[in-house]
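A look at the structure
Residue strings, one per chain:
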Amino acid sequence: MTLTVVKPSLITPAMVNSSVLEDDYPPWEGAATYAEDARVLFDHRVWQSSQPANTGKQPESNATWWVEVGPTNRMKAFDLSHTTQTRFAHTAWFEINTGRAVNGIALLAFDGLRSVRVQVIDPGYGTVYDKTTLLWTHPDQSGWYPWTFGERHERSNFFALDLPSYPTAKVRLDFEAASDAGIGVILLGQQKQIGLGVLAGVRMGIVDYSRKTTNEWGDVTLQKRGFSRTRTLDVLISNNELDNVDRILSDLRATPAFWVLSDRRERLNVYGKYNGYDVGVQYARHSELSLQLEGLLES
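These remarks concern the structure in this document. (Residues numbered from 1 in each chain as written. Predicted model: local features only at pLDDT ≥ 70, side-chain atom pairs only at ≥ 80, totals over all residues. Heavy atoms only, no water.)

**A word on the sheet that holds strand 7 (residues 66–71)**
Condition: Only strands that DSSP links by at least two bridges are regarded as paired with each other. By definition, any uninterrupted DSSP run of H or I lasting at least four residues is a helix, any uninterrupted run of E lasting at least two residues is a strand, and each is numbered from the N terminus. Every angle, taken between N-to-C directions, lies between 0 and 180 degrees, and every axis is a line fitted to C-alpha atoms, over only the stretch in contact when it is a helix.
Spatial ordering of the open sheet is given by 4-5-7, a layout of three strands whose pairing is antiparallel. In the strand order of this sheet, the two ends are held by strand 4 (39–42) and strand 7, each with one partner. With direction set aside, neighbouring strand axes in the sheet form an average angle of 35 degrees. Where strand 5 (residues 45–49) lies against strand 7, five bridges are found, and the strand directions are antiparallel. Bridging across to strand 7, Trp47 finds its partner in Glu68.

**Thoughts on the environment of Trp47**
As a reminder of what qualifies: Between buried and exposed lies partly exposed: a residue is buried under 20% and exposed over 50% of the maximum accessible area for its type, with that area taken using a 1.4 Å probe on protein chains only. Two residues qualify as a contact provided that any one of their heavy atoms is within 4.5 Å of a heavy atom in the partner residue. Any pair of nitrogen or oxygen atoms within 3.5 Å is treated as a polar contact; in protein, a donor-acceptor pairing is required on top of that, and neighbouring residues in sequence qualify only through side-chain atoms on both sides.
Within the element layout of this structure, Trp47 appears in strand 5. For Trp47, a relative accessible area of 7% translates into the label buried. As for Trp47 and Leu252, which are separated by 205 residues in sequence, their C-alpha atoms are 31 Å apart. Residues in contact with Trp47, not counting those within four places in the same chain, are Ala38, Arg39, Val40, Phe42, Pro59, Glu60, Trp66, Val67, Glu68 and Val69. Within the local environment of Trp47, its side chain forms a polar contact with the backbone oxygen of Phe42, the two atoms lying 3.1 Å apart.

**A word on the nonpolar core**
Definition in use: For this analysis, a nonpolar core means a set of buried residues of the types Ala, Val, Leu, Ile, Met, Phe, Trp, Tyr and Cys, connected via side-chain atoms within 4.5 Å.
Of all hydrophobic cores here, the largest spans 33 residues; its most connected members are Phe78, Phe88, Leu107, Leu113, Leu173 and Phe175. With six residues, the top contributor of residues to this core is strand 16 (residues 170–183). Beyond its immediate chain neighbours, meaning those up to four positions away, Leu173 contacts Ala92, Trp93, Phe94, Ile96, Ile105, Leu107, Arg117, Val118 and Ile186.

**Thoughts on a nonpolar patch on the surface**
What counts, and what does not: Distance thresholds for patches are 9 Å for like charges and 5 Å for nonpolar side chains (Val, Leu, Ile, Met, Phe, Trp, Tyr), applied to residues having over 30% relative accessible area and no salt bridge. Under the convention used here, a 1.4 Å probe and the Shrake-Rupley method define accessible areas, while residue burial counts only the protein chains that appear. We define a salt bridge as a contact between a side-chain nitrogen of Lys or Arg and a carboxyl oxygen of Asp or Glu at a distance within 4 Å.
Where nonpolar side chains cluster on the molecular surface, the patch consists of Val207, Tyr209 and Leu297 and spans about 250 Å² of accessible area. Position of Val207 relative to the elements: it lies in strand 19 (residues 203–208).

**Considerations on the packing of aromatic side chains**
Selection rule: Side-chain rings of Phe, Tyr and Trp (the six-membered ring for Trp) are treated as a pair once their centres are within 6.5 Å; stacked means planes under 30 degrees apart, edge-to-face means over 60, and tilted covers the remaining angles. Placement of a positive charge over a ring is assigned whenever Lys NZ or Arg CZ falls within 6 Å of the ring centre and within 35 degrees of the normal to the ring plane.
Going through the model one piece at a time under the given rule, you end up with nine aromatic pairs. Measuring from centroid to centroid gives 5.8 Å for Phe78 and Phe94, while their planes differ by 70 degrees, and the two rings are edge-to-face. Taken as a pair, Phe78 in the loop between strand 7 and strand 8 (86–88) and Phe94 in strand 9 (residues 91–96) lie far apart in primary sequence, 16 residues in all. Look at Phe78 and you get buried, because its relative accessible area is 8%. Using a relative accessible area of 0% as the deciding quantity, one classes Phe94 as buried. The interplanar angle of 85 degrees and the centroid separation of 6.3 Å between the aromatic rings of Trp259 and Tyr274 together place this pair among those described as edge-to-face. With Trp259 in strand 23 (residues 257–260) and Tyr274 in strand 24 (residues 270–280), this residue pair connects regions lying 15 residues apart in the sequence. The burial state of Trp259 is the same as that of Tyr274; both residues are buried. When the ring centre of Trp65 is taken as reference, the NZ or CZ atom of Lys57 above it lies at 4.4 Å.

**Here we look at the environment of Arg203**
Looking at the secondary structure, you find Arg203 in strand 19. For Arg203, a relative accessible area of 62% translates into the label exposed. A sequence separation of 89 residues divides Arg203 from Gln292, and the C-alpha atoms of the two residues are 9.6 Å apart. Aside from chain neighbours lying at most four places away, what touches Arg203 is Thr230, Arg231 and Thr232.

**Notes on the pairing of strand 23**
Going residue by residue along strand 23, you find Ala257 and Trp259 tucked away on one face and Phe258 and Val260 tucked away on the opposite face as well. Note: strand 1 (residues 3–8) against strand 23, three bridges, orientation antiparallel. Bridging from a neighbouring strand, Val5 pairs with Trp259 of strand 23. As paired elements, strand 23 and strand 24 share three bridges and run antiparallel to each other. Among the inter-strand pairings, Trp259 is bridged to a residue of strand 24, identified as Val270.

**Quick notes on the side chain of Thr98**
Residue placement: Thr98 occurs in the loop between strand 9 and strand 10 (104–108). Within the local environment of Thr98, its side chain forms a polar contact with the backbone oxygen of Arg100, the two atoms lying 2.8 Å apart. Ignoring any residue separated from it by four or fewer positions in sequence, one finds Thr98 in contact with Ile11, Met15 and Leu188.

**Observations concerning the environment of Pro27**
When you line up the elements, Pro27 lands in the loop between strand 2 (16–18) and strand 3 (33–34). Since its relative accessible area comes to 52%, Pro27 is described here as exposed. Separated by 60 residues in the primary sequence, Pro27 and Arg87 place their C-alpha atoms 20 Å from one another. With near-sequence residues (within four places) excluded, Pro27 lies in contact with Tyr34, Val40 and Leu41.

Below is the structure:
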């Protein structure tokens, strides 16, 4: 499969409408007096008072009085971090109008979802895309016995790379969920294809940040911490595309993106950044790109 990368578009609160309410805390009021550690909503973000008798101090412009906690529950899915989740129960919908053409979507680090319906709705052409995907659990191993009796796991990632590009269209997402569900990242963006295909021999692994400590009597304690996924791969590219590939990768420096290595093996794909790349110009018409990917920290 051709290596595909989806660079996320910046989603601001003004672009989002949703059934998920922004009612995490009361909105900030200039005439109210807030105690230390009291929390309020201001400009679609959560703020915490850092001093008692806090009156008339606007959170965004008074750093000595307020500490920014993070986005509201609605906007956590758009902060590009999969360690924060927008949570809801049973059903939810989002409408996102980016103001530019997008042709790729990914839902990452989710739990409790049963299905997702993706629609692309253009004001002039109407609904130009409408697909529903069931997000069923799956067994650890193939075969009739694991399928029937084995332990099952929920899907945690979903992507679609066939969205039509309409600059003025909005993307609507309808979720059916369990009694409690969460989504870490809703990523919308333009996909770019790199090279002619991923060569055999992809290496996948993790960097584990857990710790092992040993006391003076030799007792060992394991402290489980986060980890990041790693992928090392080689991609065949045309020499005519060398400049374009270098331009794409240079633009993606220090940028979280969704890297699609396979549409059949979900675990090969990774949301993160690349640590480095090099190109061996070995043949008259083709070269080999070596790429090292590292996912964002997971718990």
